[in-house]
Amino acid sequence: YRLRIKNVPKFASSKMMKELLAKNGCEQVKIQKAPKWDYCFATLKTEEQQYYVLNKLKGIKFKNRELSIQVDNVTEKDRQALFDRRKNEKQQNIEQSGIQKSPEEMLADQVTPLHIYEYQAQLEIKQRGIIKSLETFRDKMDELYNKSQYHSSWLQEEFDFKLPLDLKPMIHSPVLKGYRNKCEFTAGLNLKGEKTVGFLLGAYKDGHNSVLEPDNSIHVSDIAKKIAKAMQNYIRQSLYDVYDRKTKQGNWRQITVRSQNCGNIMIIIQIHPQGLSKEQIDQEKSALAEYFKMFAKEENFDLTSLLVQIYSGVSNGMSEDPLDCIFGTPFIHEEMMNCRFRISPRAFFQTNTAAAELLYQQCGDIIKEIYDPKDFSESPTLIDVCCGTGTIGIALSKSLGTTIKEVVGIELCEEAVEDAKINASLNEINNAEYILGPVEKNLFALHNFSNKTSGTAVAIIDPPRAGVHKNVIKALRKCRAIDHFIYISCDHNAAIQNFVDICRPINKDFHGVPFKPVKAIGVDLFPHAKHVELIIEFRR
C-alpha cells in the first residue's frame, strides 16, 4: 500500500522524510527517496495504515512547501512486470557492451569489485577515494567559513594533496583471502534451475534472481563455503522449495555463517513458514540439528551455535523475529587484542578480525599520543558511541591501562548491550557502563560531561555507514570535557556531512567551539571490495 508524496525538496533525504512523518504521528513507514526526486514514496503494510497516514499528512508543510499526497498502489502484477523489464534491460545492456563474462566473473565483479587489481593497486585506489572525500570536505568548509564571521587558520594549513590535515599511508589487511568472519548466503535457484545456496548474481532491483555458489569467492572462508555447500545439499534433498523473491513463494530463505578466528562457528537458517504446520517446522528443526551435528563431526569443526529463524516478511535479511537455538549456545566468542568477546546473532562485530586489531591499535596509539606526554590531573573517560559489543572500549581500556579512567558505551541493539556488559566482565573491566538506545536519545551520557574540565573525556564514534544523527554532533560540540575525539568511518563519502558539522563555525544550531581535523589513516578491512575504514582524529 503506497503513497506518493509530491512537492518534496530535492535535497530532502529518506531519513528526513521519515522523521517528518514520525513527528506527525506516522511511525513504521518505509520511505523511498532518491536525491534528484521532488517526490518520495511511503509504503505501508495495510490499507488501514495507508489511509491513516494519508489523513495525517493532509495540509502538512515541509520547508515552507505544502506536500501533496496521493494513493499510488503497486499490484503484484505491476511489481513482477517491473522485475521482468529491469531484467531485460540489464541483459540488453550487457549484450550492447560486447563484453561477455561468465557468471562466476560477474559474481566476482559484484561481491569483490577490485579483485582484478594487485593488492597494492587496490590500496592506491582506496587512498585516492579517501583523498577525494577529504577534498570535498575541505571545499565545503571553505565555503562555510567564507560565509561566516569567523576565521579558521587550520583551513589555511596545507599537508600533502593540499589537504588541511595529515593523511597517513594506508594500513593494509594482514589477511587477503577468506577474511570475512560473517557471510550471508541466499537460498535460491541457479541458472540451471537447481536449488542453490550462495550469492545473488547481481542486485534484485536490477531484475536478478539467480544464485551462484560461493566456491570462487576469495573473501569467503573455506569453512563458510563448506557449510554453504552442506546446506545446499540438504535443501536439494528437501521436499520444500527455496524462497523466490519474485513470486514470494517457497520456504528456504537464507543462511548466515559466522566463523571466528578462535574456532567458534554460528549458523543461522531462515525459513518462511508459508504452507508449513507447526509439526513440520519442528520436524525440520530436529532434522537440521542432527544433520549439522553430524556434518561438524565429519569436518572436525566446532559448531558452537545453530539457530533457526521463522520469518514471513517480504524484505530480505535477518529480521527482528525470534531466533530458536536448536543446538549449542545462542552466542559465540572471538578473541582479539588479548580480550575475549561474546557475540550474539544480531550483534555487530568487525568482519575482518585481524585487520580490526590494527584499527583498534591505531585508535589506542592516538589516545596515548594525546595523553601520555601531558600532565593531566586525571585520566580521561572513554565515551564509546555506537559501541556494539563493546570491543573498542574494552580492548583500549585493557591495552591502555590507567591511561583510561572509565568507559561509557552507547548502543542501539539490545543484544549487543548485553554482550558488552558480559564482555566487560569476561575481560575483568570493572569501570565500564553501557547505555541502551539510539545515541541521539541518550545524550545525557554526554551532557554529564558538559561542564567538566577540558580534556577529562575522549570520545570514539564508530557509526553505521550513514554516520550519526546531527544531534549527536551537536552534543559532542557542547561537551566541554571532550577536547579530542576519534571518528571511525566505514563509508567516508556518507560521513562527509558529519565531518562538516563537527568543524563548522558556530551558528544558531551548532553551539560549542568547533573541532578541526588533525590526521587521517585508512585501514583496509575489506580486501578486493571497495570499502575501507577511515580514522580521523579531531581536536577542539
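Values in this document were obtained by computation on a predicted structure and should not be read as measured data. (Residues numbered from 1 in each chain as written. Predicted model: local features only at pLDDT ≥ 70, side-chain atom pairs only at ≥ 80, totals over all residues. Heavy atoms only, no water.)

Asks: I'd like a description of the sheet that holds strand β9 (residues 195-200), backed by residues and values.
Replies: Strand order in the open sheet made by the seven strands is β10-β9-β8-β11-β12-β13-β14, with mixed pairing throughout. Bordering the open sheet on either side are β10 (211-212) and β14 (323-328), each of which pairs with just one other strand. One ladder, built from five bridges, connects strand β8 (residues 182-189) with strand β11 (residues 252-259); its direction is antiparallel. Within β11, the position partnered with Cys183 by the bridge is Val257. (Pairing = 2+ DSSP bridges. Helix = DSSP H or I, 4+ residues; strand = E, 2+ residues; numbered from the N terminus.)

Asks: How would you sum up the packing of aromatic side chains? Please name residues and give values.
Replies: Inspection of every chain in the model, using the stated rule, returns 16 aromatic pairs. Taking 5.2 Å as the distance between ring centres and 80 degrees as the angle between the ring planes, the aromatic pair formed by Tyr487 and Phe499 counts as edge-to-face. Taken as a pair, Tyr487 in strand β21 (residues 482-489) and Phe499 in helix α13 (residues 496-503) lie far apart in primary sequence, 12 residues in all. Residue classification places Tyr487 among the buried positions, given a relative accessible area of 0%. Consider the rings of Phe499 and Phe538, whose centres lie 6.1 Å apart with planes at 45 degrees: the pair is tilted. Note that Phe499 is positioned in helix α13 and Phe538 in strand β23 (residues 533-539), a separation of 39 residues in sequence. For Phe538, a relative accessible area of 0% puts it in the buried group. An aromatic cluster of three or more residues is present, and its members are Phe137, Trp154, Phe485, Tyr487, Phe499, Phe515 and Phe538. Its guanidinium or amino end placed over the ring of Phe41, Arg2 lies 3.8 Å from that ring's centre, counting from NZ or CZ. For Arg4, the ring lying beneath its charged end belongs to Tyr39, and the centroid distance is 4.9 Å. (Phe/Tyr/Trp six-rings, centres within 6.5 Å; stacked < 30°, edge-to-face > 60°. Buried < 20%, exposed > 50% of the residue type's maximum accessible area, 1.4 Å probe, protein only. Lys NZ or Arg CZ within 6 Å of the ring centre and 35° of its normal.)

Asks: Go over the packing of helix α8 (residues 353-371) against helix α9 (residues 391-400) with me, naming the residues and quoting the values.
Replies: Contact geometry for α8 and α9: axes closest at 10 Å, N-to-C directions at 55 degrees. One element, α8, and the other, α9, form an angle in the oblique class. Of the two elements, α8 crosses α9, and the hand of that crossing is right-handed. Contact with α8, carried on its side by Tyr360, Cys363, Gly364, Ile367 and Lys368, involves Thr391, Ile392, Leu396 and Leu400 of α9 and no other residues of that element. (Axes fitted to C-alpha atoms, helices over the stretch in contact; angles between N-to-C directions. Parallel < 35°, antiparallel > 145°, perpendicular 65-115°, else oblique. Left-handed = near helix turned anticlockwise from the far one by under 90°. Contact = heavy atoms within 4.5 Å.)

Asks: Give me unusual backbone geometry: which residues, what numbers.
Replies: Phi angles above zero are rare outside glycine, and Gln28 is one such case at about 50 degrees. Structurally, the position occupied by Gln28 is in the loop between α1 (14-23) and β2 (30-32). Unusually for a residue other than glycine, Cys386 sits at a positive phi of about 60 degrees. Along the chain, Cys386 turns up in the loop between β17 (381-385) and α9.

Asks: So what about the packing of helix α6 (residues 222-237) against helix α7 (residues 278-299)? Which residues, and what values?
Replies: Put simply, α6 and α7 touch, their axes get as near as 11 Å, and they point 140 degrees apart. Considering the angle they form, α6 stands oblique to α7. As α6 runs across α7, the sense of the crossing is right-handed. Residues Lys226, Ile227, Ala230, Met231, Asn233 and Tyr234 of α6 form the contact with α7, whose participating residues are Glu284, Ala287, Leu288, Tyr291, Phe292, Phe295 and Glu299. Classifying every residue of the contact of α6 with α7 by side-chain character gives nine nonpolar, one polar and three charged. (Nonpolar A, V, L, I, M, F, W, Y, C, P; charged D, E, K, R; others polar.)

Asks: Summarise the UniProt feature "binding site: S-adenosyl-L-methionine" (unreviewed entry) in the protein chain; cite the residues concerned and give the values.
Replies: When the UniProt feature table is mapped to this numbering, "binding site: S-adenosyl-L-methionine" (unreviewed entry) covers Gln350, Glu411 and Asp462. By the secondary structure assignment, Glu411 is in strand β18 (residues 406-411). Glu411 gets classed as buried once you look at its relative accessible area, which sits at 12%. Apart from residues no more than four positions distant in its own chain, Glu411 is found in contact with Cys386, Cys387, Gly388, Ala416, Val417, Ile435, Leu436 and Gly437. (UniProt positions renumbered as here; feature names shortened; annotations may be inferred.)

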